[in-house]
Amino acid sequence: MHRLLKVLRLLLCGVLGGAVLAAAALPLAITAGGAAKAGGDTWESLPTELAMPRPAQTSYVFASDGKTLITAFYDENRRDVPLDEVAPALREAVVAAEDTRFYQHHGVDIRGVARAFVSNSRGGAQQGASTLTMQYVRNVLKNDPGLTPQQHLDALSDTPTRKLREMRYAQGLEKKLSKNEILERYLNIAYFGAGAYGIAAAAQTYFGKAPADLTLPEAALLAGLLQSPDADNPISGDRTAALNRRAYTLDAMVKMHTTTAAAAAGATAAELRLTELRPPNDCASVAPEHNDWGFFCDYFRQWWNSRPEFGTTPTERDERLRTGGYNIVTSLDPGVQAAALGQSLGVYGYGSARSLPLAVVTPGTGRVLALAVNRHFSLEPGRSNTVNQLVAGGTGVSGYQAGSTFKMFTMLAALDAGMPLSTRFKAPSRLASIWPDAGPGSCGGRWCPGNDTPSWMDGDRTMWNAFGRSVNTYFVWLEQQVGARRVVEMAQRLGITFRSLQDQTMAGKADQWGSFTLGVALTTPLDLANAYAAVAAGGVYCEPLPVLSITDPDGQVLDAGSPRCRQVVEPDVAAAAADAARCPVGKGSAYGKCDGGTAENVSSMLAGHPVAGKTGSSEYNATETFAGFTPQVAAAGIAVNADSPNDRVGSGVSSAVNQAVAQTMAAVLRGKPAQPFPAPSRARALGS
């Protein structure tokens with residue numbers, strides 16, 4: 001063995017450098033039998049990265065139908081496919097172009113090495129001697145993430161040591177894998193130029209088809225690119241060289257008897273027609289006709305980078321997304337998304353400084369059906385373009401005030417504390433609260449909120465009609481009864497996240513946050529819709545979830561795609577809150593206690609479907625909000641100038657916001673049977 005290694009070393013010197021010295025030394029080496037051993041490895045050694053390779057692969061992100069591509073994430077455009085999904089013509093073409101004795105040798109073709117040595121030492125055309133198995137070994141080693149930069153360079157260096165290492169590993173590999181297994185692995189790791197790694201990416205990039213559908217001329221062209229993929233590829237390289245290599249491959253196939261001379265001639269004469277279809281990469285590459293999907297994509301990526309299942313740091317998780325080869329089916333419903341976007345644009349157009357971010361979720365799962373806003377997801381300058389996540393928060397967006405929609409959390413806290421819906425209070429026009437306030441509008445040093453329309457709001461109220469008419473003084477009084485801390489904690493139970501430093505500070509001293517019930521904290525349409533969805537789901541809160549399933553390259557469905565839900569309030573408490581929430585939208589409660597609402601026309605927009613919801617106006621009508629829900633869907637929209645809080649949208653837009661959210665919900669419910677809300681217990685509604 002040592003003698004053979006020394007012979008091979010000298011042969012390789014001739015192959016790599018055409019050295020006369022190597023030729024002269026060859027006979028001596030054959031007889032001398034020195035101990036030449038590179039690296040100390042045995043011929044049978046097989047590193048783990050060769051036994052269990054995992055090259056970087058593209059992750060694909062689809063809409064909820066599992067077919068509509070939203071985008072892809074990759075550093076290298078590669079997607080592994082089994083050999084039986086590769087056209088036979090392609091398999092044969094690669095063997096003909098790169099290693100005609102592939103099925104005869106055992107990883108190292110001694111005849112090929114000798115032939116290359118003779119040709120190179122005589123000054124003929126320079127030839128290599130790498131088999132397909134050796135090429136596969138080289139590709140694995142140069143892509144191994146566990147190697148140092150120097151080891152990566154060594155894996156590519158033209159030296160006898162590197163060649164001998166490849167030979168050792170190639171022979172060891174052929175003892176463990178069949179020829180077809182090696183060919184499959186090679187085809188999935190080889191670079192074909194134009195950013196395409198592996199045959200699946202190459203077939204898609206050049207011809208817009210699956211590798212199983214490649215024709216003979218297409219297969220021969222791709223096989224021919226393997227020698228010089230960047231220089232010869234017909235997209236960004238030399239088209240003539242690509243055709244010459246195609247002709248060479250076809251001629252080699254004729255010599256191997258894997259195609260006929262007539263078929264090869266026809267393929268050589270065939271016109272080269274390229275599709276140049278490459279998958280999008282990242283959220284900014286979402287198809288222009290579905291530009292609005294970029295906001296959902298951005299939210300998905302934020303969600304992914306927050307999940308510990310994919311790595312210990314956001315950077316590691318992002319790398320896993322770009323290299324892990326996942327098949328991700330999201331919860332984005334293109335039809336619902338289109339409806340939501342249409343409704344948002346119906347309130348404010350693309351050129352408006354104001355916006356209507358709108359979110360739609362499914363109660364009981366937390367799955368996000370749509371995230372829409374009257375903006376293009378784009379890096380281009382201009383008012384209509386942004387990549388800031390305006391719907392779900394993050395990327396510097398803390399949210400917006402949602403006004404009286406936060407009264408829901410006060411009502412839930414009161415119900416949870418045992419107070420029934422029938423709890424009465426004679427609501428005054430202004431209420432001197434327990435919280436201190438030194439401002440000009442205070443009442444004797446106390447915070448003194450008032451009702452917007454005293455003639456309609458003041459008087460003897462219960463939770464039903466106080467919620468329906470949005471009576472500020474009733475809910476500030478109710479917050480005093482249960483304690484502001486319990487109200488804040490209830491909002492957090494239902495997923496309200498405090499993103500701004502000011503809100504986080506106030507949450508830390510929640511007992512002093514008397515104005516919380518009036519919606520002064522910042523929130524997002526997604527958080528708000530999902531909180532109301534928990535009420536719709538009988539008190540079951542589910543974390544917002546942008547996916548239906550995540551499948552890894554081995555076909556395993558990951559648990560990360562499953563809903564994460566928990567019971568946060570008793571079902572009867574949720575039923576009572578939902579019953580009162582039917583009052584604002586013009587639907588009668590189970591006990592017939594509604595008496596006026598701020599959005600009574602909403603019920604007619606969802607004819608036949610029980611609906612509940614709440615309007616919200618922040619101070620001076622800076623924002624206008626509506627959150628609505630049924631047992632099957634919840635949605636929320638907030639009209640706001642996200643760039644200028646001083647630009648007040650005004651009360652005049654409130655009915656348009658109500659309609660936009662309601663019509664979006666109607667689009668979700670179209671064709672679905674109506675589901676009733678459960679009635680709360682008599683004790684929860686009317687007391688003992």
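Everything in this summary refers to the structure shown in the same document. Residue indices begin from 1 for each chain and proceed along its sequence in written order. Totals for whole chains, interfaces and linings use all residues, but because this is a predicted model, local features are given only for residues with pLDDT of at least 70 and pairs of side-chain atoms are given and counted only at 80 or more. Only hydrogens and water are set aside; all other atoms, that is, all heavy atoms of the structure, feed into the side-chain values.

## Points about the overall build of the protein chain
Secondary structure assignment for the protein chain yields 28 helices and 19 strands. Relative accessibility under 20% of the residue-type maximum defines a buried residue, over 50% an exposed one, and the middle range a partly exposed one, all with a 1.4 Å probe and only protein chains included. Classification of the 688 residues of the protein chain by burial places 55% in the buried group. Whether two residues touch is decided by their heavy atoms; if any such pair falls within 4.5 Å, the residues are in contact. Put simply, of all contacts in the protein chain between residues at least 6 apart along the chain, 70% involve residues at least 24 apart. Per element, the accessible surface of the protein chain, about 27,200 Å² overall, is 51% carbon and sulfur. Put simply, DSSP marks the helices as runs of H or I at least four residues long and the strands as runs of E at least two long, and each gets a number from the N terminus on. The Shrake-Rupley method, run with a 1.4 Å probe, gives the accessible areas here. Residue values count only the displayed protein chains as cover.

## Observations regarding the nonpolar core
To qualify as a nonpolar core, a set must consist of buried Ala, Val, Leu, Ile, Met, Phe, Trp, Tyr and Cys residues joined through side-chain atoms within 4.5 Å. Ranked by internal contacts, the top residues of the largest apolar core, which has 105 residues, are M408, M411, Y474 and F629. Residues within four places of M408 in sequence aside, it is in contact with F467, Y532, V535, A577, A581 and F629. Among the nonpolar cores identified, the runner-up in size contains 58 residues, and V81, V94, V95 and A203 belong to it.

## A short note on the packing of helix α18 (residues 407-416) against helix α25 (residues 571-581)
For helices, the fitted axis covers only the stretch in contact; all axes are lines through C-alpha atoms, and the angles between them, taken along N-to-C directions, range from 0 to 180 degrees. It is the contact of α18 with α25, at a shortest axis distance of 9 Å, that shows an interaxial angle of 135°. With respect to their mutual orientation, α18 and α25 come out oblique. Taken as a pair, α18 and α25 cross one another with a handedness that is right-handed. Contacts between α18 and α25 involve M408, M411, L412, L415 and D416 from the former and V573, A576, A577, A580 and A581 from the latter. Class assignment of the residues belonging to the contact of α18 with α25 gives a composition of 9 nonpolar, no polar and 1 charged. Each angle is binned into one of four classes, with values under 35 degrees roughly parallel, values over 145 roughly antiparallel, values of 65 to 115 roughly perpendicular, and all other values oblique. Helix crossings get a hand from a simple test, with the near helix turned counterclockwise from the far one by less than a right angle marking a left-handed crossing and a clockwise turn marking a right-handed one. In the scheme used here, Gly and all other residues not listed as nonpolar or charged are polar, with Ala, Val, Leu, Ile, Met, Phe, Trp, Tyr, Cys and Pro taken as nonpolar and Asp, Glu, Lys and Arg as charged.

## Quick look at the sheet that holds strand β19 (residues 634-639)
Paired strands are those between which DSSP finds at least two bridges. Taken together, 5 strands build an open sheet; the order of strands is β7-β6-β19-β18-β17 and the sheet is antiparallel. The open sheet has two free edges, formed respectively by β7 (368-372) and β17 (612-617), since each of these has just one partner strand. Going from strand to strand, the sheet's axes swing by 5° on average, the running direction of each strand aside. Pairing between strand β6 (residues 358-361) and β7: 4 bridges, direction antiparallel. Following the sheet pairing, L358 is matched in β7 by A372. Strand contacts of helix α24 (residues 525-536): β6, β7, β17, β18 (624-629) and β19, with the helix running at about 30° to β6, the strand carrying the most contacts.

## Digging into the pattern of salt bridges
Opposite charge on two side chains permits pairing when their charged atoms draw close. In the sections that follow, a salt bridge refers to a side-chain nitrogen of Lys or Arg positioned within 4 Å of a carboxyl oxygen of Asp or Glu. As enumerated under the stated definition, the model contains 25 salt bridges in all. For E98, the salt bridge is made with R245, and the minimal N-O distance between the two is 3.8 Å. One end of the pair, E98, is in helix α4 (residues 88-98); the other, R245, is in helix α13 (residues 239-255), with 147 residues separating them in the sequence. By the burial criterion, E98 is buried, and R245 matches it.

## Here's the deal with the sheet that holds strand β2 (residues 69-73)
Within the open sheet, the 4 strands sit side by side as β2-β1-β5-β15. Their pairing is mixed. At either end of the open sheet lies a strand with only one pairing partner, and these are β2 and β15 (547-551). Averaged over all pairs of adjacent strands, the angle between strand axes in this sheet comes to 15°, irrespective of strand direction. Across 4 bridges, strand β5 (residues 327-330) lies against β15 in antiparallel orientation. Across the sheet, the residue bridging to I328 is I550, located in β15. Helix α15 (residues 293-306) rests against β1 (59-62), β2, β5 and β15 of the sheet, and its axis sits at about 45° to β2.

## Some thoughts on helix α6 (residues 132-143)
A helix is expected to span 1.5 Å for every residue after the first. For α6, with 12 residues, the first-to-last C-alpha span of 17 Å sits near the 16 Å given by 1.5 Å per residue. All of the buried residues along α6 are L132, T133, M134, Q135, Y136, V137, N139, V140 and L141.

## As for the state of the cysteines
Throughout, disulfides are identified as pairs of cysteine sulfur atoms within 2.5 Å of each other. Under the counting rule described, the total for this entry stands at 4 disulfides. Linked covalently through their sulfurs, C443 and C448 form a disulfide whose S-S length is 1.9 Å. Handedness of the C443-C448 disulfide follows from its S-S torsion of about -70°: it is left-handed. Overall, C443 belongs to the partly exposed group, its relative accessible area being 24%. Here C542 connects covalently by a disulfide to C565, the sulfurs 2.1 Å from one another. Here C542 and C565 share a disulfide; its torsion about the S-S bond, 105°, makes the bridge right-handed. Taken together, the residues span a long stretch of sequence, with C542 in strand β14 (residues 540-542) and C565 in strand β16 (residues 565-567) at a distance of 23 residues. Classification of C542 by relative accessible area gives buried; the value is 3%. Disulfides within the protein chain link the bonded cysteines, taken in sequence order, as 1-2, 3-4, 5-6, 7-8.

## With respect to the side chain of N188
Following the sequence through the fold, N188 ends up in helix α9 (residues 179-189). Taking the relative accessible area as the measure of exposure, N188 reaches 6% and is therefore buried. Among the polar contacts made by the side chain of N188, one reaches the main-chain carbonyl oxygen of E184 at a distance of 3.1 Å. Not counting residues up to four positions away in its chain, the partners in contact with N188 are R78, R79, D80, V81, G198 and I199. Each polar contact in these results corresponds to two N or O atoms within 3.5 Å; when the atoms are within protein, one needs to be able to donate a hydrogen and the other to accept it, and residues that are neighboring in sequence are counted only if both atoms are side-chain atoms.

## Notes on the packing of aromatic side chains
The pairing test for Phe, Tyr and Trp rings, Trp by its six-membered ring, is centres within 6.5 Å, and the orientation test on the planes gives stacked under 30 degrees, edge-to-face over 60, and tilted for anything in between. Tallied over the entire structure, the rule returns 26 aromatic pairs. For the pair W304 and F310, a centre-to-centre distance of 3.6 Å together with 5° between the ring planes defines the contact as stacked. Using a relative accessible area of 0% as the deciding quantity, one classes W304 as buried. In this structure an aromatic cluster arises from ring pairing among F73, F300, W303, W304, F310 and Y326. For a ring to carry a charge above it, either NZ of a lysine or CZ of an arginine must fall within 6 Å of the ring centroid while also lying within 35 degrees of the normal to the ring plane. Here the basic side chain of K614 rests over the ring of F467, its NZ or CZ set 5.6 Å away from the ring centre.

## Examining the environment of D579
Looking at the secondary structure, you find D579 in helix α25. Not counting chain neighbours up to four residues away, the residues in contact with D579 comprise L421, W464, S589, A590, Y591 and P680.

## Brief notes about unusual backbone geometry
In the Ramachandran plot, H257 falls in the positive-phi region, its phi being about 65° despite a non-glycine side chain. Relative to the elements of secondary structure, H257 occurs in the loop between α13 and α14 (261-269). In this model, Y620 sits at a positive phi of 60°, which is unusual for a non-glycine residue. Positionally, Y620 belongs in the loop between β17 and β18.

## Points about the side chain of Q632
Of note, Q632 is situated in the loop between β18 and β19. For Q632, the side chain forms a polar contact with the main-chain oxygen of P673, separated by 2.9 Å. The residues touching Q632, leaving out its near neighbours within four places in the chain, are T362, P363, H609, L669, K672, P673 and Q675.

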